[in-house]
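# Observations on chain architecture
Below are the chains, spelled out letter by letter.
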Amino acid sequence: MSLHIMYNHQCPKCGAYYIPYKEDIPCPKCGFVEGDKADIVSEIVNSANYQMVCNGFYTPFAWYIGSFGDHVASMIFKVLDVFYKQDKKSFDEVSFEYFNDGEWGDQLYLKGHIIDLSKEVYKQIEKHKNDTVKQEGNH
Ligand SMILES: [Zn+2]
């Protein structure tokens, strides 16, 4: 079982797929700022944490890509696993190297966007871990 990210979004101006995960995120292709936001970071974090609890790592065994959100989430799960398997580099370094080596084809415009999004997910995962430790400490 896995928690999917049922989310598709295209820029109204140029049609590029991307995720406005904060209000001021511009389209990574044409720079248009819609001003809308979708709370995808917390959905990806929930899904990642769920898999970590079930499997002990973030990348699901099988991950059906049913939406653009699923596609993005699967990339972020993989980079999280790459990061947590090592302890020499910062998440920023790992994310940059991992996605810089990726095969983007005609979606190269997404690279910086996905790197930024992965950093947001990482921050939330670390925050969630700290919150969980604090809660357990209070009991
Ligand atoms: Zn656009």
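Residues numbered from 1 in each chain as written. Predicted model: local features only at pLDDT ≥ 70, side-chain atom pairs only at ≥ 80, totals over all residues.

## Let's talk about the overall build of the protein
For clarity, the threshold we go by: By the criteria applied, helices consist of DSSP H or I runs no shorter than four residues and strands consist of E runs no shorter than two, each listed in order from the N terminus. Here the radius of gyration uses the C-alpha set of atoms, whereas the globule reference equals 2.2 Å times the residue count to the power 0.38. Partly exposed residues are those falling between the two cut-offs: more than 12 but fewer than 20 other C-beta atoms within 10 Å of their own, whereas 20 or more means buried and 12 or fewer means exposed, with C-beta atoms placed from the backbone. Placing C-beta atoms from the backbone, we regard two residues as in contact once those atoms come within 7 Å.
For the protein, the count of helices and strands is four helices and zero strands. In the protein, the succession of α and β elements from N to C terminus is α-α-α-α. Taken against the 2.2 N^0.38 rule, which gives 14 Å for 139 residues, the C-alpha radius of gyration of the protein at 15 Å falls within 12% of a compact globule. Expressed as lengths along the three principal axes of its C-alpha atoms, the size of the protein is roughly 50 × 30 × 30 Å. Here the protein holds 139 residues, and the buried ones make up 26% of them. The contacts of the protein with a sequence gap of at least 6 include a subset with a gap of at least 24, amounting to 52%.

## Digging into the confidence of the model for the protein
Condition: As a per-residue quantity, pLDDT reports the predictor's confidence and falls between 0 and 100.
Put simply, the protein has an average pLDDT of 93, and 97% of its residues get 70 or more. Between the elements of the protein, mean pLDDT differs from a low of 89, seen in helix α4 (residues 111-138), to a high of 98, seen in helix α3 (residues 91-100).

## Some points on the nonpolar core
Note the threshold: Note on definitions: a nonpolar core is a set of buried residues drawn from Ala, Val, Leu, Ile, Met, Phe, Trp, Tyr and Cys, linked by C-beta atoms within 7 Å.
Ranked by internal contacts, the top residues of the largest apolar core, which has 28 residues, are Ile 40, Ile 44, Ala 48, Ile 76, Leu 80, Leu 117 and Val 121. Put simply, the parts of the chain that give this core at least two residues each are α1 (40-55), α2 (68-84), α3 and α4. Counting residues per element, this core draws most heavily on α2, which supplies seven residues. What Ile 40 contacts, discounting residues up to four positions off in sequence, is Ile 5, Tyr 7, Ile 19, Tyr 21 and Gly 69.

## Focus on α1
Filter applied, for reference: The length a helix should cover is 1.5 Å for every residue beyond the first. Throughout, the arc means that of the directions going from the helix axis to the C-beta atoms.
Along its 16 residues, α1 runs 22 Å from first to last C-alpha, staying within 8% of the 22 Å computed at 1.5 Å per residue. For α1, every residue scored as buried is listed here: Ile 40, Val 41, Ile 44, Val 45, Ser 47, Ala 48 and Gln 51. Buried residues in α1, looked at end-on, bunch into an arc of 165°, giving them a common side. Seen from the buried face of α1, the exposed residues on the opposite side, beyond 90 degrees, are Val 53 and Cys 54.

## Considering the environment of Lys 37
Tracing the backbone through its elements, the reader meets Lys 37 in the segment before α1. Distance in space between the C-alpha atoms of Lys 37 and Asp 24 is 8.2 Å, their sequence separation being 13 residues. If we ignore the near neighbours within four places in the chain, the residues touching Lys 37 are Pro 20, Tyr 21, Lys 22 and Glu 23.

## A closer look at the environment of Val 45
Here Val 45 is to be found in helix α1. Placed 28 residues apart in sequence, Val 45 and Tyr 17 show a C-alpha to C-alpha distance of 20 Å. Excluding residues within four positions of it along the chain, Val 45 makes contact with Val 121, Gln 124, Ile 125 and His 128.

## Topic: the packing of α2 against α3
Let me state the cut-off plainly: Every axis in this analysis is a line fitted to C-alpha atoms, fitted for helices over the stretch in contact. Angles between the N-to-C directions lie between 0 and 180 degrees. Orientation labels follow simple angle bins: below 35 degrees gives roughly parallel, above 145 gives roughly antiparallel, 65 to 115 gives roughly perpendicular, and whatever is left gives oblique. Here is the rule for handedness: rotate from the far helix to the near one, and if that takes an anticlockwise turn smaller than a right angle the crossing is left-handed, while a clockwise turn gives right-handed. The classification used treats Ala, Val, Leu, Ile, Met, Phe, Trp, Tyr, Cys and Pro as nonpolar, Asp, Glu, Lys and Arg as charged, and all other residues, Gly among them, as polar.
Viewed as axis vectors pointing N to C, α2 and α3 meet at an angle of 125°, and their least axial separation amounts to 10 Å. Overall, the two elements α2 and α3 adopt an arrangement that is oblique. Regarding α2 and α3, the two cross each other, and that crossing is right-handed. Contact residues: Val 79, Val 82 and Phe 83 in α2; Phe 91, Val 94, Ser 95, Tyr 98 and Phe 99 in α3. Residues belonging to the contact of α2 with α3 are distributed by class as follows: seven nonpolar, one polar and no charged.

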